[in-house]
Amino acid sequence: MKAQIIDGVALAAKVKAQVKKDAENFLHQFGRKTGLAVILVGDNAASQIYVRNKIRACEENSIQSFHFCLPENTPEQQLIELIIRLNSDPNVDGILMQLPLPAHISQAKILSYISPQKDADGFLAVNAGNLMLGYPGLNACTPCGIIEMIKSTGQAVDGKQAVVIGRSNIVGKPTALMLLDLNATVTMCHSRTHNFANFSRHADILVVAAGRKGLVTGDMVKAGAIVIDVGMNRVDGKLYGDVDFDSVADVAGYITPVPGGVGPMTVAMLLKNIVTAATALKL
Ligand code: NAP
């Protein structure tokens, strides 16, 4: 194996240590903890695990969490009323609506009620627009984590060729915009791209967020590239990335593992967003 591993657990611990300091400073300055409200509707097992992890991460880092666990048949209006209440709750700096929502609830409608200043996930149109325009705002957590991982290599991004595989609103598109902002030349690939390897083979930075186990193999990667594997594919209870780790690690310069890569960084960046939101609300 040639590649150096970008350790998401270690990097996330560093980010969380800084977040904890900032959260404690906030407490001393304003006399209350920063707070995250997490809303879960229904009993999706994976969502329950994600929510539990986020609440634990808050508690470990001096952030207060408020947990709303609602039954599957919760009426849309009731959810809207809860969000409106949380928008004006001075102890709540961030609101996280755990997705997916049950089929009878419109995800787009519900998210549109969250105040952009409390958009802990950075998913709202206002914040996506701020990112596109280069204005400050709350950014999506996974792309923020990806950028931190790339920066942690110490390699320059400016002027480099970056390829992002996947164009979702929560990972691919914001990641591409952030790389563009760092002056990379960015190419986006997706399911309709003819032979994405023609692009990925030229990438100094390759971000793979397709949700397809082992999609990228060593022959599709440039020697020395930074490869960020966002994929989380659960097969027979085991977690796999979108990158075939063994063959790619023989070629790449840096690689993120799955698990222990982008996942822990996503949670760390969520915590960072809460403190950012709390501080911005006080300015
Ligand atoms: P998504 O909304 O399903 O989007 C997947 C994207 O990949 C789409 O743009 C799709 O193209 C593209 N794609 C699918 N198959 C492809 C192929 N064979 N070749 C090229 N492109 C292909 O998924 P997502 O929400 O962005 O998530 C992507 C992966 O990251 C998933 O495994 C997810 O679980 C994981 N994830 C991890 C974290 C974390 O914290 N680690 C956070 C979020 C997501 P089209 O647009 O043409 O359909």
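Residues numbered from 1 in each chain as written. Predicted model: local features only at pLDDT ≥ 70, side-chain atom pairs only at ≥ 80, totals over all residues. Heavy atoms only, no water.

**Q** Please clarify how the site of the ligand should be interpreted in this entry.
**A** Around the ligand, 22 residues are found, and the nearest of them are Arg167, Ser168, Ser191, Met232 and Thr266. Contact distances for the ligand include 2.8 Å between an oxygen atom and a side-chain N or O atom of arginine 167. One of the backbone N or O atoms of methionine 232 is found 3.0 Å from an oxygen atom in the ligand. Its free accessible area being 930 Å², the ligand has 72% of it covered by the protein chains. At three residues, helix 10 (residues 262-282) tops the list of elements feeding residues into the shell around the ligand. Residue classes in the shell around the ligand are distributed as ten nonpolar, ten polar and two charged. (Near = heavy atom within 4 Å. Polar contact = N/O pair within 3.5 Å; in protein donor to acceptor, adjacent residues only side chain to side chain. Areas by Shrake-Rupley, 256 points an atom, 1.4 Å probe, with all protein chains shown as cover. Helix = DSSP H or I, 4+ residues; strand = E, 2+ residues; numbered from the N terminus. Nonpolar A, V, L, I, M, F, W, Y, C, P; charged D, E, K, R; others polar.)

**Q** Looking at this structure, how should I read the nonpolar core?
**A** Ranked by size, the top nonpolar core spans 47 residues in total, and within it Ile150, Leu179, Val207 and Ile228 carry the most contacts. With nine residues, the single largest contributor to this core is helix 10. Those residues in contact with valine 207 that sit more than four places away from it in its chain are Ile146, Ile150, Val163, Val164, Ile165, Thr175, Leu179, Ile228 and Val230. Residues Ala3, Val163, Ile165 and Cys189 belong to the second largest nonpolar core, which totals 19 residues. (Core = buried A, V, L, I, M, F, W, Y, C linked by side-chain atoms within 4.5 Å. Buried < 20%, exposed > 50% of the residue type's maximum accessible area, 1.4 Å probe, protein only. Contact = heavy atoms within 4.5 Å.)

This is a description of form; function is not addressed.
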